[in-house]
Amino acid sequence: MHFAIFFVIMDCENDCSENINVTELPTITPWNHSSANAPPCDQESSHPIFSNRGMDNSKISSGGCGRFNGDLHCSSINPLSVHESDPSFPNRGMNNMDGFHGASYDLHSFSANAPLPRQESDLIFPTGGMMNSNMCGGGGFNRASDLLLVVSMYAEPTKSEIIALAKSAMDELSKIALEGQPLWVPQKDKKFETLNDIEYLRQFGEVQEIESMKEIMKLVEVGQEESSSSQYLLPTVDSFRRELVPLSLSGVPKEALQTEASRDMGYLEISSTKLLHLLMDVNQWSKAFDNIVTRAAVLGNLSNGAEESYDGKVQVMFAEYHLPTPFVPARECYFARYCKQLPYEMWGVVDVSLEKHFPSLATNFRRRPSGCLIRPMPDGFSKVIWVEHVEADHSQLSNHFRPLVTTGLGFGATRWINSIVRHTESSKIMEAKSAPIYVDYGVIIPQAGRTSFLNLADRLVRSFCGDINASMTNQWMPLISSESDSSDVRVMIRNNIEDPGKPIATTVVFSTCLWLNVSPSRLFNFLRHEDSRNKWDLLSRNLTIREFAYMNKGTNPGNRVSLMRAMKSEDKIEIFYIQESYTDTTGSYIVYAPLDEFALSSLANGANPNNVMVLPSGFSILPCGFPSDYIDEKGEGGSILTIAFHTIESHNIKQFFSLESVIVMKKIISETVTNIKDAVLYNNYTNNWQYN
């Protein structure tokens, strides 16, 4: 046996006061974790990496992977202390599968037929350590850059410059939000509009940008002689943007950022006062947009505005944005948020990046003036015009996701509008003192039980949104079972010791994504429907699935919380599920967790759902962003499906997990993918998409 010392070296940016635990491990050769080499979704790659922000080869922060004698070793840093479970519930299920929780896949129950090249003790996957992930690795907001900004933003002239920048951004937003053509270009068959870059630069560009654009337009108008046209190409808007890209600290030009700009409008069932409060309160904002915003914090208030009003309020903030998949890099940004009351009873809320005032904060993402104009309407409604105008690095986008992002669907204005609609519909249902619950004959669920189920489903979805993204706090690793394994499956290891809503255990989240030749709406209905569940769910194979109760959460009948039971026969129930499904034009979610009978009965009687231990699994569905060979009668094309399972590796906190678990995870996800592909192929061939 060979031994070596494995050191965890912290980034000097992080403010970490915790002691580092040094663990003895077999000799490890580190991989290059550069995120620039990330393999795209569903594409072959022999170079496994982390999907989040890259790391320097000379250090391994919050975990890493390497090879020892040809075998794979992965480490992750998590807290390992154990405390007693919540006393408000019976101490059941902590060391077995029959407790008060929805037991997810037990990895080892699937491994009977898996070919295991080694015994569990021969190959180990360390998951231990003593570093608090909330203090290090981007989990908190006390990094050196945050502290530097907080100190310096209150000093003059910086404070006045930020306030002036925010006011200038509001002036720009209030103009472009109300402009028509040629500044905004309607998209065929789409609700939103996209920005005409040249017209925007003509009206709002900075001096350097305008001068460069004038030179380009002069060449375009005059043209080149035909004899020289083969030797010289006319410059483009993208080409002069590349000329304006600043140098990095090493003197090498940075990758040019690409513009994404879209506008959408909606009449929303929320008062202007409530909407302003939602946007200006960071906790409400991050909660309402949890499918977009991973983390957010107010770093300081530069102006409190008018008394008992948000008018004139200026905040300096940090936020991280994501798509619901581990295969698209998250975006983080420091920005000023400014709220102002405008003429004609209109309000404006605008964000603008602060890189010009704090060059050290420059990232691969910038927010040009973005935000919304809000006008109160009768009956408690609001008319909202949303503008999303950003510059982002597209170099790490795979071919699957590039059209989705570049067309304005991925991070665009429509997604923000849809998220407000989802939030208002959900809040209306949650706040209702009485609302219908549809049940089978003989099933009785009182109002208290309805509230418990709705709250549990809400927690499931929030947890799922937090899991299934490429945030800096999610330490994704490639899941490799052999040297020849080229599939793109990512895994994340977690040790829970505090959250009463999750088992005290070592758990793993593993995920993959694929493109499917079926419209998002058909795929959504197929995956959520009771009649099709046993066609893809390995736990429900050869069982009859029955939805015995559901609660609507919106106008779309597919937006609901469902209770299902899987039966071998009428008198033998194998498992219960709670599931929430939601869909709109920018994406869909199907999130579920198994429940045992004790948990189901307790919730039906109004038990506190925060103490029910569940791990969410499910799907996110995104439109592919470009036409495919398959177009249904609604004009919809293909879909990008991300699959994620959250499972228990061990009911005890463990330092390691085995190669056997890796093979089982591969087996679960590969068989699920195969089942879904086969069902899509069959239903396309027979035109048998009857699930509604």
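For clarity, every value in this text was computed on a predicted model and none was experimentally measured.

Calculation criteria
Residues numbered from 1 in each chain as written. Predicted model: local features only at pLDDT ≥ 70, side-chain atom pairs only at ≥ 80, totals over all residues. Heavy atoms only, no water. Pairing = 2+ DSSP bridges. Helix = DSSP H or I, 4+ residues; strand = E, 2+ residues; numbered from the N terminus. Expected span 1.5 Å × (residues − 1). Buried < 20%, exposed > 50% of the residue type's maximum accessible area, 1.4 Å probe, protein only. Phe/Tyr/Trp six-rings, centres within 6.5 Å; stacked < 30°, edge-to-face > 60°. Lys NZ or Arg CZ within 6 Å of the ring centre and 35° of its normal. pLDDT = per-residue confidence, 0-100. Contact = heavy atoms within 4.5 Å. Core = buried A, V, L, I, M, F, W, Y, C linked by side-chain atoms within 4.5 Å.

Moving on to the pairing of strand β22 (residues 544-552). Within a regular strand, the side chains alternate between the two sheet faces. With 2 bridges connecting them, strand β18 (residues 438-439) and β22 associate as antiparallel partners. Bridging from a neighbouring strand, V439 pairs with A549 of β22. One ladder, built from 8 bridges, connects β22 with strand β23 (residues 560-569); its direction is antiparallel. What sits directly across from Y550, in β23, is S562.

Here we take up helix α10 (residues 447-467). With 21 residues, α10 ought to run about 30 Å at 1.5 Å a step, and its terminal C-alpha atoms sit 30 Å apart, in line with that. In terms of burial, α10 is largely enclosed, as 15 of its 21 residues are buried.

Before going further, it helps to examine the packing of aromatic side chains. Tallying each qualifying case throughout the model produces 15 aromatic pairs. Taking the centre distance of 5.6 Å and the plane angle of 40 degrees together, the rings of F510 and F645 count as tilted. Of this pair, F510 sits in strand β21 (residues 505-516) while F645 sits in strand β28 (residues 639-650), and the two are 135 residues apart along the sequence. Each member of the pair, F510 together with F645, is buried. Among the aromatic residues, those joined into a cluster by ring pairs are W285, F289, Y321, F365, W386 and W416. Lying across the ring of W285, R337 places its NZ or CZ 4.3 Å from the centre. Positioned above the aromatic ring of Y577, the side-chain terminus of R533 is 3.9 Å from the ring centre.

Looking now at the confidence of the model for the protein. A low pLDDT score tells you not to read the predicted coordinates there in detail. Residues at a pLDDT of 70 or more form 67% of the protein, whose mean pLDDT is 75. Long-range and interchain partners of residues 108-141, a stretch whose pLDDT sits below 50, account for 108 contacts in this model, where long-range means more than four residues apart.

What follows concerns the sheet that holds β18. With antiparallel pairing, 10 strands are arranged side by side in an open sheet as β18-β22-β23-β24-β25-β27-β28-β21-β20-β19. Taken across any chain shown, the strands that pair with only one partner, and hence form the sheet edges, are β18 and β19 (477-478). For strand β20 (residues 490-496) and β21, the ladder comprises 7 bridges, and the chain directions are antiparallel. Looking at the pairing, R494 lines up with T507 of β21.

Right, let's get into the nonpolar core. Among the nonpolar cores identified, the biggest contains 47 residues, and L279, W285, F289, Y321 and W386 are the most heavily contacted of them. With 5 residues, helix α6 (residues 272-280) is the single largest residue contributor to this core. Counting residues in hydrophobic clusters, the runner-up holds 42 residues, among them V489, Y577, F645 and W689.

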